[in-house]
Amino acid sequence: MENIYKLELIGITYNQIESGVYALILQQVGTTRRIPIIIGFPEAQAIECKLQEIKTPRPLTHDTMISSLSSFGIRLEKVMIKKQENGVFAADLFFTDGVNERIVDARSSDAVALAIRVNAPIYTTESVLLESGFDSKDKRAPRQSDRMESSRRMVVKPSSGNNKYESMTLQQLSEAMMKASEAEDYEEAARIKSEIDRRNENKTDSL
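Scoring rules and cut-offs
- Residues numbered from 1 in each chain as written.
- Predicted model: local features only at pLDDT ≥ 70, side-chain atom pairs only at ≥ 80, totals over all residues.
- Heavy atoms only, no water.
- Helix = DSSP H or I, 4+ residues; strand = E, 2+ residues; numbered from the N terminus.
- Contact = heavy atoms within 4.5 Å.
- Areas by Shrake-Rupley, 256 points an atom, 1.4 Å probe, with all protein chains shown as cover.
- Core = buried A, V, L, I, M, F, W, Y, C linked by side-chain atoms within 4.5 Å.
- Buried < 20%, exposed > 50% of the residue type's maximum accessible area, 1.4 Å probe, protein only.
- Salt bridge = Lys/Arg side-chain N within 4 Å of Asp/Glu carboxyl O.
- Pairing = 2+ DSSP bridges.
- pLDDT = per-residue confidence, 0-100.
- Phe/Tyr/Trp six-rings, centres within 6.5 Å; stacked < 30°, edge-to-face > 60°.

## A short note on the overall build of the chain
Then comes step 1: A tally of helices and strands in the chain yields six helices and nine strands.
Then comes step 2: Taking the contacts inside the chain whose residues are at least 6 apart along the sequence as the reference set, 58% of them involve residues at least 24 apart.
Then comes step 3: Per element, the accessible surface of the chain, about 11,900 Å² overall, is 48% carbon and sulfur.

Now the structure itself:
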């Protein structure tokens, strides 16, 4: 039987060359071996909203799915990342009601978006790690950062209006983030949230 390894979500990178293309970075727990999975903006947005705990006026699709399953006593037990013959990543969702278990095929991005909402563990096989993984400390390995800017948080597209944040107070930034969320402009909300986090981190460092 093939060895199974647990993964952790490192973050999302944004491709500065190809607009709207992101990479989900998963890392084998306890090692520096990583797997990059290319995803689109909607999927990156769904994951980032949860990572940054952005409050939305109405539930997003993945939130609705989790709530619907929970209302029937069904929970997501774990996620298994796999790779199909055509080279595309996919995932198996393991659901249980406490008695029966069902496995549902899903896109890897959707699987991760669901898993982080309920703290379900994410796993993959040894063969996937060997075929698609790379060691982040190996200088000879292909580097995603050659074409993609990496961050533990999603790197949102630069905006010419970013400087306007510098003159805003934390209270004003919080209000602006809420307005962006209410307007369902989650990319702008994520950009403002990053500025708030940056200020809070600087405040902590100065203490």
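## Brief notes about the environment of isoleucine 103
Then comes step 1: Locating isoleucine 103 in the fold gives a position in strand β6 (residues 101–107).
Then comes step 2: Taking the C-alpha atoms as reference points, isoleucine 103 and leucine 93, separated by ten residues in sequence, lie 5.4 Å from one another.
Then comes step 3: When neighbours within four sequence positions are excluded, isoleucine 103 is seen to be in contact with Asp92, Leu93 and Phe94.

## A short note on the nonpolar core
Within soluble globular proteins, side chains that are nonpolar tend to cluster in buried spots.
Then comes step 1: Counting residues in hydrophobic clusters, the biggest one holds 32 residues, and the most contacted among them are Ile37, Ile47, Leu76, Val79, Ile81 and Leu93.
Then comes step 2: In terms of residue count, helix α3 (residues 108–118) provides more of this core than any other element does, six residues in total.
Then comes step 3: If sequence neighbours within four positions are ignored, isoleucine 81 has contacts with Leu7, Leu26, Ile37, Phe89, Ala90, Ala91, Ser108, Ile122, Tyr123, Thr124, Thr125 and Val128.

## Concerning the pattern of salt bridges
Then comes step 1: Tallied over the entire structure, the rule returns seven salt bridges.
Then comes step 2: A salt bridge links glutamate 53 to lysine 50; the nearest nitrogen and oxygen atoms lie 3.6 Å apart.
Then comes step 3: By relative accessible area, which is 43% here, glutamate 53 ends up partly exposed.
Then comes step 4: With its nearest N and O atoms 2.7 Å apart, the salt bridge here joins arginine 117 to aspartate 63. Here arginine 117 is found in helix α3, whereas its partner aspartate 63 is found in helix α2 (residues 61–71), with 54 residues between them in sequence.

## A word on the environment of tyrosine 123
Then comes step 1: Among the structural elements, tyrosine 123 can be located in strand β7 (residues 122–125).
Then comes step 2: With relative accessibility at 23%, the residue tyrosine 123 sits in the partly exposed group.
Then comes step 3: Note: C-alpha distance between tyrosine 123 and lysine 82 (41 residues apart in sequence) is 9.0 Å.

## Details of the pairing of β6
Then comes step 1: In this structure, strand β5 (residues 89–96) lies alongside β6, joined through seven bridges in antiparallel fashion. Considered in β6, the bridge of alanine 90 is made with arginine 107.
Then comes step 2: Where β5 folds back onto β6 in an antiparallel hairpin, the turn is made up of four residues, including glycine 98, whose phi is positive at roughly 100°.

## Quick look at unusual backbone geometry
A negative phi angle is the norm for most residues apart from glycine, just as the trans form is the norm for most peptide bonds.
Then comes step 1: For glutamate 53, which is not glycine, the phi torsion reads 55° and is therefore positive.
Then comes step 2: The phi torsion at asparagine 119 lies on the positive side, around 60°, for a residue other than glycine.
Then comes step 3: Within the secondary structure, asparagine 119 is located in the loop between α3 and β7.

## Digging into the confidence of the model for the chain
Then comes step 1: The share of residues in the chain with pLDDT of 70 or more is 75%, and the mean pLDDT across the chain is 79.
Then comes step 2: Mean pLDDT across the secondary structure elements of the chain bottoms out at strand β9 (residues 148–149), with 40, and peaks at β7, with 96.
Then comes step 3: Low pLDDT, under 50, characterises residues 142–162; the predicted model gives this stretch 50 contacts beyond four residues in sequence or across chains.

## Focus: the pairing of β5
Then comes step 1: Of all the eight residues making up β5, eight are buried; the element is thus mostly covered by neighbouring parts of the structure.
Then comes step 2: Bridge count between strand β4 (residues 75–83) and β5: eight bridges; the pairing is antiparallel. Residue pairing in the sheet places methionine 80 in a bridge with aspartate 92 of β5.
Then comes step 3: In sequence, β4 turns back onto β5 through a hairpin of five residues, with glycine 87 there showing a positive phi of about 90°.

## Observations concerning the packing of aromatic side chains
Then comes step 1: All chains considered together, the criterion is met by one aromatic pair.
Then comes step 2: Pairing tyrosine 22 with phenylalanine 41 gives two aromatic rings, centres 5.9 Å apart and planes at 40°, and the pair type is tilted. Of the two residues, tyrosine 22 sits in strand β2 (residues 21–28) while phenylalanine 41 sits in helix α1 (residues 41–51), which places them 19 residues apart along the sequence. Phenylalanine 41 matches tyrosine 22 in its accessibility class, with the two residues each being buried.

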